[in-house]
Amino acid sequence: MRILVTGGAGFIGSHTVVELRNAGYEPVIIDNFSNSNRSVLDGLKQILGEEVPFYEADCNDAGSLNAIFEKEKFDGVIHFAAYKAVGESVEKPLNYYDNNLGSTVLLLQTMIKYGVPHLVFSSSCTVYGQPEQLPVTEQTPRLPAESPYGNTKSICEDIIRDTVRSKAPVKGISLRYFNPVGAHPSALIGELPSGVPGNLVPYITQTAAGIREKLTVFGSDYNTPDGTCMRDFIHVVDLAKAHVQALKLLDGRQETSYYDVFNVGTGDGHTVLELIKTFEEVNHLKLNYSIGPRRPGDVEKIYAQVDKVNQVMGWRAEKSLADSLRDAWRWQQKLEEKSKKESGTSVA
């Protein structure tokens, strides 16, 4: 089966490409490199032993999408391509609504036009806002989003659901991720933010590497065991495998119209300070960090109840937080080695 992976050069997308190939699928990447790097394609080639078909294009460009769908004849799509920084979305909401909603609508229109039946959508636990009860289940009410980014995920879910309900020839699954962290065990691909990282773990690894002077923990007065925000951190390889299982589930459904949502997490909550201390322990180093004020848009605490994805999809997280942080640091060290070699500096 030939699967289009939008945003396939990104963090989660690239790891999903690996797992798709390992499961016997034929992934094809589309990416415009607005928040990714071409070097990821080289990493994928080294891991897989072959090049992955790739198109440099924007998912909001109807002409490009039509040309690619005309040529490739896809059996399904995994849609990652989106702007994704919570803080930036608060500052630039129109950019997020224009890009994230527009690309999803155009992608669905193109899938219907070319008879592509299966869509797995990259959603987020941000659709729950700050939930009143934990852990959150798929039946937990979606509350008003804490950020425009989170709101785009809610709206995109509704767009897909309503399209399926209209009897369009599309089946869909939205995977509500919790917090993806880590890197491929080979250290050949990992999280590669452009500019200042918007996510916690790459900021931690860059601070440990001396690229950033200090990590600021946003807020210490939340209602959590140590006052810092609590999240459900999931290894990116485990998350990538969930997309493969979602495709298998879609392919096995007999209904002409099928749409469902699944939480994808570990089921455990860890605070920011707990994550920092685990990073220090498993990698045998000390991190320079300080406590700062709260950040707009941040949710206090959230973690998943994962019975549904375990039972219906046959998926469960296998890697620990320690595994994730060990792999993330190994990836950062690999980046540092590469940077020194390119600059002619000795790595000894």
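Whatever comes next refers back to the structure up there.
The structure presented is a predicted model; accordingly, all values stated were derived computationally and were not measured.

### Thoughts on the nonpolar core
Here is a general trend for soluble globular proteins: nonpolar side chains tend to be buried in one another's company. Counting residues in each nonpolar core, the largest one holds 45 residues, and the members touching the most others are Leu20, Leu44, Ile173, Leu175 and Phe262. Those elements giving two or more residues to this core turn out to be strand S1 (2-6), helix H1 (11-22), helix H2 (39-48), strand S6 (171-177), helix H8 (236-252) and strand S11 (259-264). With nine residues, H8 is the largest single contributor of residues to this core. Discounting residues that sit within four places of it in the chain, Leu20 has contacts with Ile3, Val5, Tyr25, Pro27, Ile78, Val244 and Leu247. Membership of the second largest hydrophobic core comes to 23 residues, among which are Leu65, Leu101, Val116 and Cys156.

### As for the pairing of S6
Within S6, seven of the seven residues are buried, which leaves the element mostly enclosed by the surrounding structure. The alternating pattern of S6 places Lys171, Ile173, Leu175 and Tyr177 and Gly172, Ser174 and Arg176 on opposite faces, both of which are buried. Across seven bridges, strand S5 (residues 118-124) lies against S6 in parallel orientation. Bridge assignment links Ser124 to a residue of S6, and that residue is Tyr177.

### Re the packing of helix H7 (residues 200-208) against helix H11 (residues 321-343)
The geometry of H7 relative to H11 is characterised by a closest axis approach of 10 Å and an angle of 55 degrees between their N-to-C directions. Relative to H11, the element H7 is oriented oblique. Read as a crossing pair, H7 and H11 show a hand that is right-handed. Contacts from Val201, Thr205, Gln206 and Ala208 of H7 reach H11 at Leu325, Ala328, Trp329 and Gln332. Grouping the constituent residues of the contact of H7 with H11 by class yields five nonpolar, three polar and no charged.

### Thoughts on the packing of helix H3 (residues 62-72) against helix H5 (residues 93-114)
Look at H3 against H5: their axes get within 10 Å of each other, and the N-to-C directions meet at 35 degrees. Judged by the sense of rotation from one axis to the other, the crossing of H3 with H5 is right-handed. Residues Ala62, Leu65, Asn66, Phe69 and Glu70 of H3 pack against Leu106, Leu107, Thr110, Met111, Lys113 and Tyr114 of H5. The residue makeup of the contact of H3 with H5, split by class, is seven nonpolar, two polar and two charged.

### Comments concerning the pairing of S11
Here S11 lies mainly inside the structure; five of its six residues are buried. Summarising the sheet, S6 and S11 pair through six bridges and their orientation is parallel. Each bridged residue has a counterpart across the sheet, and for Gly172 the counterpart in S11 is Tyr259.

### Observations concerning the sheet that holds strand S3 (residues 54-56)
Across the sheet, seven strands lie side by side as S3-S2-S1-S4-S5-S6-S11; this open sheet has parallel pairing. The open sheet has two edge strands, S3 and S11, and neither has a second partner. Direction aside, the axes of adjacent strands within the sheet are offset by 20 degrees on average. Judged from the four bridges that link them, strand S4 (residues 76-79) and S5 form a sheet pairing that is parallel. Bridging across to S5, Ile78 finds its partner in Val120.

### Notes on the pattern of salt bridges
Within the structure shown, the criterion is met by 18 salt bridges. Here Arg161 makes a salt bridge to Asp158, at a shortest N to O gap of 3.2 Å. You can see Arg161 and its partner Asp158 sitting in helix H6 (residues 148-165), three residues apart, about one turn around the helix. If you follow the salt bridges from partner to partner, you end up with Arg142, Glu157, Asp158, Arg161, Asp162 and Arg176 in one network.

### As for the state of the cysteines
On inspection of all chains with the given rule, the structure shows zero disulfides. Unpaired in terms of disulfides, Cys156 finds its nearest cysteine sulfur in Cys59, a separation of 12 Å. Overall, Cys156 belongs to the buried group, its relative accessible area being 2%. No disulfide involves Cys229; its sulfur sits 12 Å from the nearest other cysteine sulfur, which is in Cys125. Note on Cys229: relative accessible area 5%, which makes it buried.

Basis of the calculations
Residues numbered from 1 in each chain as written. Predicted model: local features only at pLDDT ≥ 70, side-chain atom pairs only at ≥ 80, totals over all residues. Heavy atoms only, no water. Core = buried A, V, L, I, M, F, W, Y, C linked by side-chain atoms within 4.5 Å. Buried < 20%, exposed > 50% of the residue type's maximum accessible area, 1.4 Å probe, protein only. Helix = DSSP H or I, 4+ residues; strand = E, 2+ residues; numbered from the N terminus. Contact = heavy atoms within 4.5 Å. Pairing = 2+ DSSP bridges. Axes fitted to C-alpha atoms, helices over the stretch in contact; angles between N-to-C directions. Parallel < 35°, antiparallel > 145°, perpendicular 65-115°, else oblique. Left-handed = near helix turned anticlockwise from the far one by under 90°. Nonpolar A, V, L, I, M, F, W, Y, C, P; charged D, E, K, R; others polar. Salt bridge = Lys/Arg side-chain N within 4 Å of Asp/Glu carboxyl O. Disulfide = S-S within 2.5 Å.

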